[in-house]
Amino acid sequence: MVLVSAARDYVNRMLQDISGMKVLILDSHTMQVSIVSVVYSQSELLQKEVFLVELIESIAMSKESMSHLKAIYFLRPTSENIQQLRRQLATPRFGEYHLFFSNILNDTQIHILADSDELEVVQQVQEYYMDFVALDPYHFTLNIPANHTYMLPAVVDPGNLQHFCDRVVDGIAAVFLALKRKPIIRYQRTSDVAKRIAHETFKLMYQQESGLFDFRRTEISPLLLVLDRRDDPVTPLLNQWTYQAMVHELIGIQDNKVDLRAVDKLPKDQQEVVLSSEQDSFFKSNMYENFGDIGMNIKRLVDEFQQVSKSNQNIQTIEDMAKFVDNYPEYRKMHGNVSKHVTLVTEMSRIVEERKLMLVSETEQELACNGGQGAAFEAVKTLLDNANVSDFDCLRLVMLYALRYEKESLVQLMQLFDKLSSRSPKYKRGLVQFLLKQAGVDKRTGDLFGNRDLLNIARNMARGLKGVENVYTQHQPLLYQTMENINKGRLRDVDYPHVGNHFQQGRPQDVIIFIVGGTTYEESRVVALQNVSNSGTRFILGGSVVLNSKRFVKDLEEARRIAHTSTSMV
């Protein structure tokens, strides 16, 4: 159950079974570029004789004949793509056409393609179920652009909500087809959108396409659990202090790439860097480490590189020169790796100092993990008065306070609203109130702050007495508790109902948790560490996007804007 391997296997089969010079044609409107780029590097494509990578729209605009090339199309099976193909097959430019689709083709689409191939240039049509971006072995995303849609009631924008749900169902189906599994399906009771996706996925797997999902039965069926991001709004609002999560929070990661063009005086070849556990051994070893430890580990990496550099400077004989030439590609790779990680840590250190994030994060962690409303109010108020703390960080603090104490301190909450509004007219109280309406205590299923369930209260007390290794990484996402409940058979049917008459018999060995509204790298870290612990259950995490605090707040703002516009028009 490793997604990167499944995705690489599909790309391998597409490219290596077709000999000769090839052009790879992808779909720009979806995420085929992302799907391929996260599992295959440019140099690997060249090794497979792929000499050109184009978008289907660009191919349509060009009339140049390339009959010496074999065209490999890798597309989502959308009606737009089928029509584009129909037009391109009418006047073929390539010697051969090999058509691969990332999800299920319907009968009508197959007939259209067959009727369009009058010159018989199409060599094959295949379904390769790779309709997801495999970021890490146990973490995938669907990169849905209009991610805010999940927050809107069906009556506000029914068309876009249906499109959103269809895309999620397609993505989940592709994951299970790639892994050759058919799951038992459960969902979060308090979420209408999670319920809808769970039921539509069940309908696809057990009714519409039951033959496709007729895999060899395992003794215990895998589990698909569909959750709603709004059950844990705290995790995407927090600053992060482990390497991968921190890079995404402070700089941003898109499909395992980091855009560093905003950093001063960087050479052109370092303005976009790849952070992939498959391609970078240092990152793989350190992606879940704390920021303090990363600094020490990068120092060791620099020391190793300096030793290699010194030995390369000591070239005295022809043999030394030949050895240097042989090792030069590895030397350049090491140089690039060292430069990349030093640049990232230097830039993040600058941002931490500029935004006073150590000060902010300490209060955030207290709000997320510990009680004490009076002390929390004073701490947030003090930071709102601090001109060195950014308006955005103040907004996050007020949101965290509101989520924690919405039922306890209305007067103090109004005071914080007023302070926030006076600092920045952009952040009026409406956005925080919209967050509470979307993800307040009355809307949530899980015990987000560990203060409802006696077992969670006892666990938090024990953790407090024992002490925390790092004050900045006290927080554990609600997902950790959910996985623990699955492992111990304590996931309650009343909170997470089954779909259909298919119930879990015993503890599942394979679990895919899909979070509608997006995952975080903090959660993917929890999943990876859980899988290393050999508990007997393997988890995969997926979501509609990968969030950081800016993206989460942006989705909130967009959903609020649309909901407000819709209400005004009534």
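Residues numbered from 1 in each chain as written. Predicted model: local features only at pLDDT ≥ 70, side-chain atom pairs only at ≥ 80, totals over all residues. Heavy atoms only, no water.

(A) Spatial organisation of the nonpolar core. Residues Ile197 and Tyr243 are the most contacted members of the largest nonpolar core, which totals 144 residues. Ranked by residues supplied to this core, first place goes to helix H7 (residues 158-179) with 13 residues. Every residue in contact with Tyr243, bar those within four places of it in the chain, is listed here: Phe282, Phe283, Asn286, Met287, Glu289, Ile294, Ile298, His341, Leu344, Val345 and Met348. If you look at the next biggest cluster of nonpolar residues, it comprises 20 residues, including Ile56, Ile59, Ala71 and Leu89. (Core = buried A, V, L, I, M, F, W, Y, C linked by side-chain atoms within 4.5 Å. Buried < 20%, exposed > 50% of the residue type's maximum accessible area, 1.4 Å probe, protein only. Helix = DSSP H or I, 4+ residues; strand = E, 2+ residues; numbered from the N terminus. Contact = heavy atoms within 4.5 Å.)

(B) Local environment of the pairing of strand S13 (residues 538-543). When you tally the buried positions in S13, you get five out of six residues, the bulk of the element. Pairing between strand S12 (residues 510-516) and S13: six bridges, direction parallel. Its bridge partner lying in S13, Asp510 is registered against Arg538. (Pairing = 2+ DSSP bridges.)

(C) Focus on the pattern of salt bridges. Scanning the model with the defined rule gives 29 salt bridges in all. A salt bridge links Arg355 to Asp393, with the shortest nitrogen-to-oxygen separation between them at 2.7 Å. Placement of Arg355 in the loop between helix H12 (318-354) and helix H13 (357-369) and of Asp393 in helix H15 (residues 391-405) is noted, with a sequence separation of 38 residues between them. Comparing Arg355 with Asp393 shows no difference in burial state: the two are buried. Of the charged contacts in the structure, one is a salt bridge between Arg538 and Asp510, with a shortest N-O distance of 2.8 Å. (Salt bridge = Lys/Arg side-chain N within 4 Å of Asp/Glu carboxyl O.)

(D) Molecular detail of the pairing of strand S6 (residues 133-136). For S6 and strand S7 (residues 139-141), the ladder comprises three bridges, and the chain directions are antiparallel. Looking across to S7, one finds that Val133 is bridged to Thr141.

(E) Just the sheet that holds S6, in detail. The six strands are arranged S6-S7-S13-S12-S9-S8 in an open sheet whose pairing can be described as mixed. Two strands lie at the open edges of the sheet, namely S6 and strand S8 (184-187), each paired on one side alone. Mean inter-strand twist for the sheet, computed between neighbouring axes without regard to direction, equals 25°. For S7 and S13, the ladder comprises three bridges, and the chain directions are parallel. Bridge assignment links His139 to a residue of S13, and that residue is Leu541. Here helix H8 (residues 192-208) sits on the sheet and contacts S8, strand S9 (223-228) and S12; the angle it forms with S8, its principal contact strand, is near 165°. (Axes fitted to C-alpha atoms, helices over the stretch in contact; angles between N-to-C directions.)

(F) Region of interest: the side chain of Thr343. In this structure, Thr343 sits in helix H12. Accessibility expressed as a relative area gives 15% for Thr343, which makes it buried. Look past the residues within four positions of Thr343 in its chain and what remains in contact with it is Leu260, Leu266 and Gln270.

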